[in-house]
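Single-letter residue listing:
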Amino acid sequence: MASTQKYDSLNDRDQSVNSAKKLSFNAEKEQLDTNGNSKQNSSVTVPSSELFVLLIKDAIYGYIFWSVFQALSAMIWFYPLNELEISGYEAFAAVWLSPFICIIPGVHAFLQQKWVLILLRLISVCSVASFQAPTTLIRLILLATGAGVSMLVLAATLWNSDKLVRYRTFWGLILGLHAFLASRVWFVTFAPAWWDNQSNSIVIACGVISALGYSLEEASPQVQVKQQSPVNHWLPSGVGLGSLLCLTHMCFGEASLITRWTVKGYPETGPSPLPWGSLVLLCLSLGTAVQIKAVLAIPVTLAATVSFYFLLLFPDPWLAFYAGCCLAFLTMTLWPAVIDVCTQSNPALCLTVASLTYIIQILFWVWTVAFNFVPYGELTREHTDWVIACIMAGILLLFIFSKASQESFTTVYTRMEDELVPALGHYLKVVFLIFLVSQVGMMKRLSKYKPGSEVKSNPKIFTAGIWTYHFGYDNKGWPSMERAATMINNTGVDVITLLESDASKPFLGNNDLASWLAEKLNFYVDFGPSTKDHTWGNLILSKYPIVKSQHHLLPSPHGELAPAITASINVSGTLVNFVVTHMGNDRDVVDRNLQAEFLAKELRQSVDPAVFLGYVTSPPGSENYWRLIKDGKVKDIDPTDQDRWCEYIMYKKLIRRGYARISHGGLSDTEIQLGTFQIPEDPVNYKDKKKVTTSPTKHNIDKSVLFNNVFGNYYPGHGYFDHHGFHMGTPKYFYND
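Residues numbered from 1 in each chain as written. Predicted model: local features only at pLDDT ≥ 70, side-chain atom pairs only at ≥ 80, totals over all residues. Heavy atoms only, no water.

(A) Broad picture of the sheet that holds strand 3 (residues 461-468). Read across the sheet, 8 strands follow the order 5-6-4-3-14-13-16-15 without closing on themselves; strand pairing throughout is mixed. Where the open sheet ends on each side, the last strands, each with one partner, are strand 5 (524-526) and strand 15 (691-693). Put simply, the sheet's adjacent strands are angled 15 degrees from each other on average, direction ignored. Pairing between strand 13 (residues 655-662) and strand 16 (residues 732-735): 2 bridges, direction antiparallel. Across the sheet, Gly 658 pairs through a bridge with Tyr 733, a residue of strand 16. (Pairing = 2+ DSSP bridges. Helix = DSSP H or I, 4+ residues; strand = E, 2+ residues; numbered from the N terminus. Axes fitted to C-alpha atoms, helices over the stretch in contact; angles between N-to-C directions.)

Quick look at the structure:
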């Protein structure tokens with residue numbers, strides 16, 4: 001059957017394997033003379049222009065593959081994110097199962113034809129243009145089409161009858177992954193293909209040139225393989241490959257992910273993405289350079305399992321981070337061994353099972369976080385340990401049930417006759433060249449990032465804000481970072497908490513919103529509870545130094561986990577405590593009562609001035625509203641505002657000066673609230689501002705407390721604007737006669 005590709009017997013591969021063992025990192029050439037005897041030429045120190053073109057061409061398509069592959073889950077997730085329930089659009093994940101059609105006789109052979117491969121590559125590349133689609137649904141359809149087609153290309157090339165094609169496909173994927181990660185360094189954790197129309201178009205242009213370039217290649221002498229049944233069973237092979245795909249995407253889809261798994265509060269925050277993401281990239285590069293023997297595959301997998309659990313369980317952030325770096329190294333050493341086993345199995349069934357395994361494991365992690373909104377979520381709540389067990393057991397089973405030697409079957413190639421083939425050393429040189437490019441990006445970012453407060457006319461006045469950020473995507477599913485940064489900058493806010501801000505998970509794009517905004521605005525940042533803590537995220541951005549902070553998981557016996565941060569910030573020489581939170585879903589009454597009690601205790605125990613910025617999921621005047629005020633010993637910035645849900649600003653030992661609500665303008669699903677406060681000169685004997693006005697000029701309100709008129713003027717009702725504007729009876733200012 002055409003769906004079952006035939007491969008070399010071990011005897012037929014002996015000469016290829018033995019020759020491959022002679023390859024070293026100095027890329028020695030091996031050719032056959034007219035008598036069939038091998039002879040060695042001098043070492044190749046600089047690849048020829050033709051060789052360089054091949055390397056770049058393969059790397060570009062590998063880059064396209066990872067861009068499309070990692071984007072689909074985030075695009076699918078947009079729908080249940082907005083609806084807070086299973087939406088039905090999750091069915092688009094089925095496109096990853098497209099290799100199953102190769103079970104039909106003749107299909108796999110048809111896909112391997114040169115013109116068919118070129119066409120499929122072009123379709124995959126053009127799917128990147130989905131970013132410029134007019135609607136979210138069209139974007140999802142186009143992207144899903146590209147993802148399905150890219151899996152067909154993988155089936156046709158990684159299981160190709162020409163060993164050269166298999167070899168180049170594998171190393172193209174590896175180079176593409178490293179290039180993908182390096183480009184995200186330069187775009188501050190975001191993928192260029194999904195950043196803006198300009199970078200999207202550049203990626204498409206490079207991809208089209210790469211895909212068309214395959215049509216210009218001369219037919220090279222193929223290393224044809226003899227027909228024989230696959231050596232390894234497709235089921236463990238597919239489960240292992242899918243598990244490795246999930247591990248790579250989950251932990252190393254972006255260089256900063258490991259640092260966000262291990263982050264703690266100030267002053268000992270643990271390793272920050274800048275510059276410690278460089279060590280993660282270095283470990284990935286070093287792991288790529290190691291070709292493990294078949295006999296070491298199982299011990300390496302076990303070592304990776306231990307590293308993974310240490311990353312999850314170590315309380316010390318540095319030890320957990322180092323465990324993550326070990327995992328990065330070991331993950332990349334496993335890739336050649338896993339691919340060599342898989343390419344000795346049935347392509348249609350192996351790759352289909354791999355895709356299904358990846359889908360199940362990604363959904364499993366979704367279930368551990370979104371347990372309050374999905375069926376049977378109570379069974380998977382917070383069980384990332386189970387996810388890790390499934391992933392590593394899948395990889396381990398692949399090696400346990402593999403029957404043949406994995407040495408040099410797909411991932412190492414021997415030169416035949418006079419054809420020009422990139423040697424292993426050439427690929428590794430490019431890997432480390434890509435690493436150096438990423439480090440230039442790291443150094444550039446590090447040199448530009450200089451957080452610190454601006455010189456203010458009145459240093460005792462500051463503005464605090466709260467905003468449910470919705471993971472950095474607008475209400476139509478496109479990136480909103482630049483617009484968000486402009487909006488935050490226009491508010492003049494000094495300290496702001498962003499809720500629903502942890503997008504470091506694969507189904508949210510693996511983006512580090514905290515790093516991007518902090519570097520863009522030159523703010524100090526506290527990421528909040530770590531990615532492995534199963535919350536939706538809660539960060540603090542501050543123009544003033546964060547002296548100390550503590551991350552909390554609020555009591556949540558029944559509902560979703562609620563994150564909180566208590567932070568002491570040095571505002572012009574005075575410590576001001578900030579308590580910021582996103583409380584649990586409103587249907588879980590017991591949870592919210594316990595959470596309000598905890599937060600009130602934190603506020604009550606604060607001896608310094610304090611500001612509460614919270615998403616309370618309760619209306620004004622509710623039981624929890626009064627619990628926070630009475631037990632926390634704080635005041636509502638505007639108790640007359642009875643139309644709030646769910647953001648609140650409260651305070652103590654401060655003088656209120658201004659209050660504003662700014663419409664989201666389609667940038668999120670929630671408005672921005674701002675409160676301006678003054679630190680009293682005498683913390684004991686001072687008077688708060690008791691009267692309210694919406695006409696600042698009439699009552700001679702100090703200009704230093706006025707909000708930016710870029711958001712318009714006083715607006716009495718709900719502003720359904722397509723832009724950011726004051727609304728809901730604000731801005732208001734407070735004064736005394």
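(B) Summary view of the nonpolar core. Residues Phe 308, Trp 335 and Trp 467 are the most contacted members of the largest nonpolar core, which totals 174 residues. At 18 residues, helix 2 (residues 49-83) tops the list of elements feeding residues into this core. Each residue touching Trp 335, except ones within four places of it in the same chain, is listed here: Trp 66, Phe 170, Ile 174, Leu 241, Leu 244, Leu 245 and Thr 248. If you look at the next biggest cluster of nonpolar residues, it comprises 27 residues, including Ile 466, Ile 546, Ile 565 and Ala 567. (Core = buried A, V, L, I, M, F, W, Y, C linked by side-chain atoms within 4.5 Å. Buried < 20%, exposed > 50% of the residue type's maximum accessible area, 1.4 Å probe, protein only. Contact = heavy atoms within 4.5 Å.)

(C) The packing of helix 8 (residues 234-252) against helix 12 (residues 317-342), seen in detail. At their nearest, the axes of helix 8 and helix 12 sit 10 Å apart, and the two run at 150 degrees to each other. By the angle between their axes, helix 8 is roughly antiparallel relative to helix 12. Two packed elements cross with a definite hand, and for helix 8 against helix 12 that hand is left-handed. Within the contact between the two elements, helix 8 uses Ser 237, Leu 241, Leu 244, Leu 245, Leu 247, Thr 248, Cys 251 and Phe 252 and helix 12 uses Gly 324, Leu 327, Ala 328, Thr 331, Leu 334, Trp 335, Val 338, Ile 339, Val 341 and Cys 342. Of the residues that constitute the contact of helix 8 with helix 12, the class distribution is 14 nonpolar, 4 polar and no charged. (Parallel < 35°, antiparallel > 145°, perpendicular 65-115°, else oblique. Left-handed = near helix turned anticlockwise from the far one by under 90°. Nonpolar A, V, L, I, M, F, W, Y, C, P; charged D, E, K, R; others polar.)

(D) Spatial organisation of the pairing of strand 16. The side-chain alternation of strand 16 yields two buried faces, one formed by Lys 732 and Phe 734 and the other by Tyr 733 and Tyr 735. For strand 15 and strand 16, the ladder comprises 3 bridges, and the chain directions are antiparallel. What sits directly across from Val 692, in strand 16, is Phe 734.

(E) Seen up close, the side chain of Arg 445. Here Arg 445 is to be found in helix 16 (residues 424-448). For Arg 445, a relative accessible area of 9% corresponds to the buried category. Ignoring any residue separated from it by four or fewer positions in sequence, one finds Arg 445 in contact with Val 185, Val 188, Leu 274 and Glu 519.

(F) Up close: unusual backbone geometry. Looking along the chain, the bond that leaves Leu 274 and enters Pro 275 is cis, with omega of 15 degrees. Its place among the elements puts Pro 275 in helix 10 (residues 273-288). Backbone torsion omega between Thr 730 and Pro 731 reads 10 degrees, so that peptide bond is classified as cis. Here Pro 731 shows up in the loop between strand 15 and strand 16. In the Ramachandran plot, His 470 falls in the positive-phi region, its phi being about 65 degrees despite a non-glycine side chain. Looking at where His 470 falls in the secondary structure, it is placed in the loop between strand 3 and helix 17 (481-491). Within the chain, Asn 522 stands out as a residue other than glycine whose phi angle is a positive 60 degrees. In this structure, Asn 522 sits in the loop between helix 18 (513-521) and strand 5.

(G) Focus on the pattern of salt bridges. In this structure the tally under the stated criterion is 14 salt bridges. In this structure, Lys 520 engages Glu 482 in a salt bridge whose closest nitrogen and oxygen atoms are separated by 3.3 Å. With Lys 520 in helix 18 and Glu 482 in helix 17, this pair connects stretches of sequence that are 38 residues apart. Judged by its relative accessible area of 36%, Glu 482 is partly exposed. Its salt-bridge partner being Asp 737, residue Lys 691 comes within 2.3 Å of it at the nearest N-O pair. You can see Lys 691 sitting in strand 15 and its partner Asp 737 sitting in the segment after strand 16, a full 46 residues away along the chain. Judged by its relative accessible area of 78%, Asp 737 is exposed. One connected set of salt bridges, linked through shared partners, spans Asp 641, Arg 661 and Glu 671. (Salt bridge = Lys/Arg side-chain N within 4 Å of Asp/Glu carboxyl O.)

(H) Spotlight on the pairing of strand 13. Most of strand 13 sits inside the fold, with 8 of its 8 residues counted as buried. Of the pairings in the sheet, the one linking strand 13 to strand 14 (residues 672-678) comprises 7 bridges and is antiparallel in character. Across the sheet, the residue bridging to Tyr 659 is Gly 675, located in strand 14.

(I) Broad picture of the environment of Trp 77. Position of Trp 77 relative to the elements: it lies in helix 2. Those residues within four positions of Trp 77 in sequence are excluded, and the remaining contacts are Val 366, Ala 370, Phe 507, Leu 508 and Trp 536.

(J) Up close: the environment of His 582. Position of His 582 relative to the elements: it lies in strand 9 (residues 574-582). We classify His 582 as buried; its relative accessible area is 11%. Apart from the residues within four sequence positions on either side, His 582 is in contact with Leu 499, Glu 500, Asn 538, Ala 562, Pro 563 and Tyr 615.

(K) Geometry of the state of the cysteines. By the definition in use, this model includes 0 disulfides. With no disulfide of its own, Cys 326 lies 7.0 Å from the sulfur of Cys 283, the closest cysteine sulfur. Cys 350 carries a free sulfur, and the closest cysteine sulfur to it, the one in Cys 342, is 4.0 Å from it. Cys 350 sits in the buried class, given a relative accessible area of 0%. (Disulfide = S-S within 2.5 Å.)

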